[in-house]
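What follows is each chain in one-letter form.
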Amino acid sequence: MSSSTLVSLPSMEPKDENTLHRFNLNELKRQANVPAKFLWPKVDLVGTEGVFDEPLVDLEGFIKGDEIATAKAIELVRAACTSHGFFQVINHGVDADLIQAAYREIDTVFELPFDRKLGFEQKLGGYAGFSSAHAERFSTNLPWKETFSLGYRGTDSDSALVDYFTSALGHDFENVGRAYQKYCEKMRELSLNIMELLALSLGLDRSYYRKFFEDGTSVMRCNYYPPCKKSDVTFGTGPHCDPNSITLVHQDHVGGLEIFTGDKWLAVPPRQDVFAINIGDTFMAFCNGRYKSCVHRAILNEEKVRRSLVYFVNPKEDVVVRPPEDLVLNSSRVYPDFTWASLFDFANNRYRAGLQTLQDFFPWLSSQPKVVT
C-alpha cells in the first residue's frame, strides 16, 4: 500500500440535532452485521503489515536534567518525528495507579444506560460530553466507538473537573471528577515536558514552544470501543491526522492503535507503562513542516472491549501559529499564519479531519471575511 492510496474523507455534512440517528453500540455489537453507515471504503480497509518496534524514549534523565540522557532522547525524537511523527515515552512521571483509576472511573460513565448518556450528549459545534459513533457530526464511515470528552485548562480551579462531572452527571460521579482532575494535571505536566523536548530536538531554546501551551485549553477524550463481529469492514477510528498540536495516548491491554509509515500499517503493541505521542497538524505548522503529522487509525477487536485515554494538546485560542525564524532560514514558509481558534472551528464544525486537513483549511481560511481591528 502506498501513501497515494490513502484517501481523505469528505467534508462534514451539516446536521439538524432534531433529526439525528443515535446508535447504541452495546446493542449493535450482538448483531452479525453492522449498519451500512459504519462500512468503510475498501481502499481504507488495508490489513496490518507489521509491528512498530522503534526504541522507547526514556524521559527520566531528561526530566532530571541529565545531559547524556537528554541527548539520547533528542536523537530518538528527531528521527521519529522527521520520519512519521510518532514516538513512545517511558518513565514519564505518571503513576500507574492514576492511569488505572482513570480507566476504572470512566467505565462507570460508559456503563450507564444509553438514554442516560444521551442526556449529556456532545452538542453540534462543541467538544464536551458523550458521543456515540460521532453520529451528531457525520453521516457515513462512522467510527465504532463511544467517547466522553471534556476541556481542561491548567489555569482552571483545582475543582473544575469535579464540578463538571457533578453538574453533568450528579454527585455520585464526584470521584470520576477527582480522578480526571488529577489525570489531566499530570497530562498537562507531561505535555509541557514533551514540548520542551521537541523544541530542543529542533535546535530551539527549551522553552520556545512551552509558552504557547501553558494556558491553552486541551481536550481529554476517553474512548470505548465495543467488540465488533465485522471488524474487517469498519474501524474504531479511521485513518487520519490529528488537527491539534500533539496528542498523548494511553491504550489499554487490548491494543488497536496503528500508524502508517514506510507505506504500510504497523500495529503499536500496548504497554501499560508507556504513552504514545502523535505529532498533529498544528505542530507540523509550528515547525515549518520539519516534523510530520502522524497518520494513524484504531482497529477493533471481535471479542473484547478496547479502551484508550487521549489528551489533545492545544495552544491558547488566539495564538498565531507560525514557525520561529530559525526554522525558516534558508527555506521558505510551508504554511501561512493562522490561529488555533480558526483551525479548530474548521476541523470541529465544517470539516471531517482526515489526511489533508491543513491543505483544505487554508483555501477556506482565505475565503473568510477579514476582521478589521
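The name an unreviewed UniProt entry assigns to the protein is Fe2OG dioxygenase domain-containing protein, from the organism Hibiscus sabdariffa. The Sequence similarities (unreviewed entry) field of the UniProt record for the protein holds the comment "Belongs to the iron/ascorbate-dependent oxidoreductase family."

A. Just unusual backbone geometry, in detail. Phi angles above zero are rare outside glycine, and A133 is one such case at about 65°. Position of A133 relative to the elements: it lies in the loop between strand 4 (129-132) and strand 5 (146-153). Positive phi values are uncommon outside glycine, yet N288 reaches one of about 60°. Assignment of secondary structure puts N288 in the loop between helix 9 (281-286) and strand 12 (296-298). N288 sits in the buried class, given a relative accessible area of 5%.

B. Just the pattern of salt bridges, in detail. All told, the structure shown has 17 salt bridges when counted by the stated rule. The salt bridge involving D337 is made with R322; its shortest N-O contact spans 2.7 Å. Residue D337 is located in the loop between strand 14 (320-321) and strand 15 (338-339), and its partner R322 is located in the loop between strand 14 and strand 15; the two are separated by 15 residues in the primary sequence. A relative accessible area of 32% means that D337 is categorised as partly exposed. A salt bridge links R350 to D345, with the nearest nitrogen and oxygen atoms 3.1 Å apart.

C. Structural detail: the UniProt feature "domain: Fe2OG dioxygenase" (unreviewed entry) in the protein. UniProt records the feature "domain: Fe2OG dioxygenase" (unreviewed entry) for residues 216-315 in the present numbering. This span, residues 216-315, is 6% helix and 44% strand, and a straight line between its end C-alpha atoms measures 4 Å.

D. Spotlight on the environment of V334. Position of V334 relative to the elements: it lies in the loop between strand 14 and strand 15. Taking the C-alpha atoms as reference points, V334 and A285, separated by 49 residues in sequence, lie 7.5 Å from one another.

E. Main features of the pairing of strand 13 (residues 306-313). Taking burial as the measure, the eight residues of strand 13 include eight buried ones, the bulk of the element. Going residue by residue along strand 13, you find R306, S308, V310 and F312 tucked away on one face and R307, L309, Y311 and V313 tucked away on the opposite face as well. Here strand 6 (residues 217-225) runs beside strand 13; their pairing, made up of seven bridges, is antiparallel. When the sheet's bridge partners are listed, V219 is paired in strand 13 with F312.

F. Representation of the pairing of strand 6 in the model. Most of strand 6 is tucked away: nine of the nine residues are buried. Burial along strand 6 is two-sided: the residues T217, V219, R221, N223 and Y225 and S218, M220, C222 and Y224 are all buried.

G. Local environment of the side chain of N26. Residue position: N26 is located in helix 1 (residues 25-28). Judged by its relative accessible area of 18%, N26 falls in the buried class. Setting aside chain neighbours within four positions, we find N26 in contact with K117, E146, Y224 and P226.

H. Here's a closer look at empty space enclosed by the protein. Under the counting rule described, the total for this entry stands at three cavities of 30 Å³ or more. The calculated volume of the largest cavity comes to roughly 730 Å³. As for the largest cavity, its lining consists of 39 residues, and the residues nearest its centre are K145, R221, H240, D242 and F312. At the level of secondary structure, the elements contributing two or more residues to the lining of the largest cavity comprise strand 6, strand 7 (237-240), strand 8 (246-251), strand 12, strand 13 and helix 10 (340-350). Broken down by class, the residue content of the lining of the largest cavity amounts to 19 nonpolar, 13 polar and seven charged.

I. Up close: the packing of aromatic side chains. For the structure on display, the rule yields 30 aromatic pairs. Taking the centre distance of 5.2 Å and the plane angle of 25° together, the rings of F110 and Y224 count as stacked. On the criterion of sequence distance, the pair formed by F110 in helix 4 (residues 96-110) and Y224 in strand 6 is long-range, its members being 114 residues apart. Look at F110 and you get buried, because its relative accessible area is 3%. Three or more aromatic residues joined by ring pairs form one cluster here, namely F114, F120, F130, F148, Y164, F165, Y180 and Y183. Looking at R297, its charged tip hangs above the ring of W265, at a distance of 4.2 Å from the centre. A cation over an aromatic ring shows up here: R352 above the ring of F138, its NZ or CZ 4.0 Å from the ring centre.

J. Summary view of the packing of helix 4 against helix 7 (residues 174-201). Taken N-terminus to C-terminus, the directions of helix 4 and helix 7 make an angle of 140°; their axes are 9 Å apart at the nearest point. Judged by the angle between their axes, helix 4 and helix 7 are oblique. Here the hand of the crossing between helix 4 and helix 7 comes out left-handed. Packed against helix 4, whose contacting residues are L98, I99, A101, A102, Y103, E105, I106, T108 and V109, the element helix 7 presents N175, V176, A179, Y180, K182, Y183 and K186 at the interface.

K. Quick peek at the nonpolar core. Residues F87, Y180, L198, Y209 and F283 are the most contacted members of the largest nonpolar core, which totals 79 residues. Judged by nonpolar contacts, the second largest core, of 14 residues, contains V34, F38, L142 and W144.

L. Seen up close, helix 10. Along helix 10, the residues that are buried comprise W340, S342, L343, D345, F346, A347 and N348. Buried residues belonging to helix 10 abut helix 9, strand 14, strand 15 and helix 11 (357-366).

Thresholds, definitions, all that
- Note on numbering: residues in each chain are counted from 1, in written sequence order.
- Whole-chain, interface and lining totals are the exception, using all residues; otherwise, since this is a predicted model, local features are given only for residues with pLDDT of at least 70 and side-chain atom pairs are given and counted only at 80 or more.
- As a rule here, side-chain values cover all heavy atoms of the structure and leave hydrogens and water aside.
- UniProt positions are given in the numbering used here, feature names are shortened, and annotations may be inferred rather than shown by experiment.
- In this text, helices come from DSSP runs of H or I with a minimum length of four residues, and strands from runs of E with a minimum of two, each type numbered from the N-terminal end.
- Only protein chains enter the accessibility calculation, which uses a 1.4 Å probe. A residue is then buried if its area is under 20% of the maximum for its type, exposed if over 50%, and partly exposed in between.
- By definition, a salt bridge exists where a carboxyl oxygen of Asp or Glu is found within 4 Å of a side-chain nitrogen of Lys or Arg.
- Paired strands, in this sense, are two strands between which DSSP finds at least two bridges.
- Whether two residues are in contact is decided by their heavy atoms: any pair within 4.5 Å suffices.
- Definitions used throughout: a 1 Å grid over protein atoms alone; a cavity as a set of points that fits a 1.4 Å probe which cannot get out; a pocket as an open set with protein on both sides within 12 Å along at least five of seven lines; a lining residue as one with an atom within 4 Å of a point.
- Grid points are joined across faces, edges and corners, and a volume is the space filled by probe spheres set on the points.
- Three classes are used: nonpolar for Ala, Val, Leu, Ile, Met, Phe, Trp, Tyr, Cys and Pro, charged for Asp, Glu, Lys and Arg, and polar for all others, with Gly counted as polar.
- Only the six-membered ring of Trp is used, alongside the rings of Phe and Tyr, when aromatic pairs are assigned; centres must lie within 6.5 Å, and planes under 30 degrees apart are stacked while those over 60 apart are edge-to-face, with the rest tilted.
- We call a charge positioned over a ring when the NZ of a Lys or the CZ of an Arg lies within 6 Å of the ring centre and within 35 degrees of the ring normal.
- Between the N-to-C directions of two axes lies an angle of 0 to 180 degrees, each axis being a line fitted to C-alpha atoms and, for a helix, fitted only over the stretch in contact.
- Should an angle fall under 35 degrees it is taken as roughly parallel, and over 145 as roughly antiparallel, whereas 65 to 115 is taken as roughly perpendicular and any remaining angle as oblique.
- In this scheme the handedness of a crossing depends on how the near helix is turned from the far one: anticlockwise by less than a right angle means left-handed, clockwise means right-handed.
- What we call a nonpolar core is a set of buried Ala, Val, Leu, Ile, Met, Phe, Trp, Tyr and Cys residues that are connected through their side-chain atoms within 4.5 Å.

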